[in-house]
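Inside the fold
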Amino acid sequence: MNCLFCKIIAKQIPAKTVYEDETVFAFEDINPQAPVHILIIPKKHIPTTLEIGNDDHALIGHMLQVANSIAREKKVAERGFRLVMNCNRESGQSVFHIHLHLLAGRAMHWPPG
Ligand code: 5GP
Ligand code: ZN
């Protein structure tokens, strides 16, 4: 499959791994938008949030808990962090394998741009 993030999971394309287990992979974003910018992805190829199915509930919940663990490890949990999952073009989704952005280390703006 010609998917950038599937290739990163398969280690065909290098990435700075932050966390890995049987179902989830996390790595540093190549173009960080904050001092901490990590992408948490399922190993299962799901193109957008619209394709999250009934069988994926535990997986999505696990991704959120992995994000929490990384935020604690990076010492940003208490000061705060932002989790973002873009869906389709107008949101800014550019890689069509779902990914949770973990952004932290600076004050975030609201509403987002
Ligand atoms: P999206 O715009 O789809 O929500 O987020 C895609 C993210 O993937 C972007 O923040 C972008 O910087 C990151 N990205 C794109 N290509 C690569 C890559 O080859 N390696 C890594 N580590 N991140 C990438
Ligand atoms: Zn994929």
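Overview of the structure. (Residues numbered from 1 in each chain as written. Chains lettered and ligands numbered in written order. Predicted model: local features only at pLDDT ≥ 70, side-chain atom pairs only at ≥ 80, totals over all residues. Heavy atoms only, no water.)

**Comments concerning the pattern of salt bridges**
Tallied over the entire structure, the rule returns three salt bridges. Of the charged contacts in the structure, one is a salt bridge between Glu 20 and Lys 11, with a shortest N-O distance of 2.9 Å. Lys 11 sits in the exposed class, given a relative accessible area of 52%. (Salt bridge = Lys/Arg side-chain N within 4 Å of Asp/Glu carboxyl O. Buried < 20%, exposed > 50% of the residue type's maximum accessible area, 1.4 Å probe, protein only.)

**Here we look at the environment of Tyr 19**
Along the chain, Tyr 19 turns up in strand β1 (residues 17-20). Take Tyr 19: its relative accessible area is 29%, and that puts it in the partly exposed class. Beyond its immediate stretch of four places on either side in the chain, Tyr 19 contacts Val 24, Phe 25, Ala 26, His 62, Val 66 and Ile 70. Here the side chain of Tyr 19 touches Asp 21 through a polar contact of 2.6 Å, side chain to side chain. (Helix = DSSP H or I, 4+ residues; strand = E, 2+ residues; numbered from the N terminus. Contact = heavy atoms within 4.5 Å. Polar contact = N/O pair within 3.5 Å; in protein donor to acceptor, adjacent residues only side chain to side chain.)

**A short note on the site of ligand 1**
Close contacts around ligand 1 come from 17 residues, with Asp 29, Gly 92, Ser 94, His 99 and His 101 the closest. Here an oxygen atom of ligand 1 and a side-chain polar atom of His 101 are 2.8 Å apart. Taken together, the elements giving at least two residues each to the shell around ligand 1 come down to α1 (4-9), β2 (24-28) and β3 (36-42). Broken down by element, the shell around ligand 1 gets its largest block of residues, three residues, from α1. The class makeup of the residues in the shell around ligand 1 is seven nonpolar, eight polar and two charged. (Near = heavy atom within 4 Å. Nonpolar A, V, L, I, M, F, W, Y, C, P; charged D, E, K, R; others polar.)

**Considerations on the coordination of the zinc ion (ligand 2)**
Coordination of the zinc ion (ligand 2) by the protein comes from Cys 3 (SG), Cys 6 (SG), His 45 (ND1) and His 97 (ND1), over a distance range of 2.0 to 2.3 Å. Around the zinc ion (ligand 2), the four donor atoms are arranged such that angles at the metal cover 106 to 115°; this shape is classified as tetrahedral. Mapped onto the polypeptide sequence, the residues donating to the zinc ion (ligand 2) form the spacing pattern C-x2-C-x38-H-x51-H. A residue pair is termed long-range when its members are at least 10 positions apart, and Cys 3 in the segment before α1 and His 97 in the loop between β4 (81-84) and β5 (100-104) qualify at 94 residues. Each member of the pair, Cys 3 as well as His 97, carries the same accessibility label: buried. (Donors = N, O, S within 2.8 Å, 3.2 Å for Na, K, Ca; no water. Tetrahedral: all angles 85-135°; square planar, octahedral: opposite > 155°, others 65-115°.)

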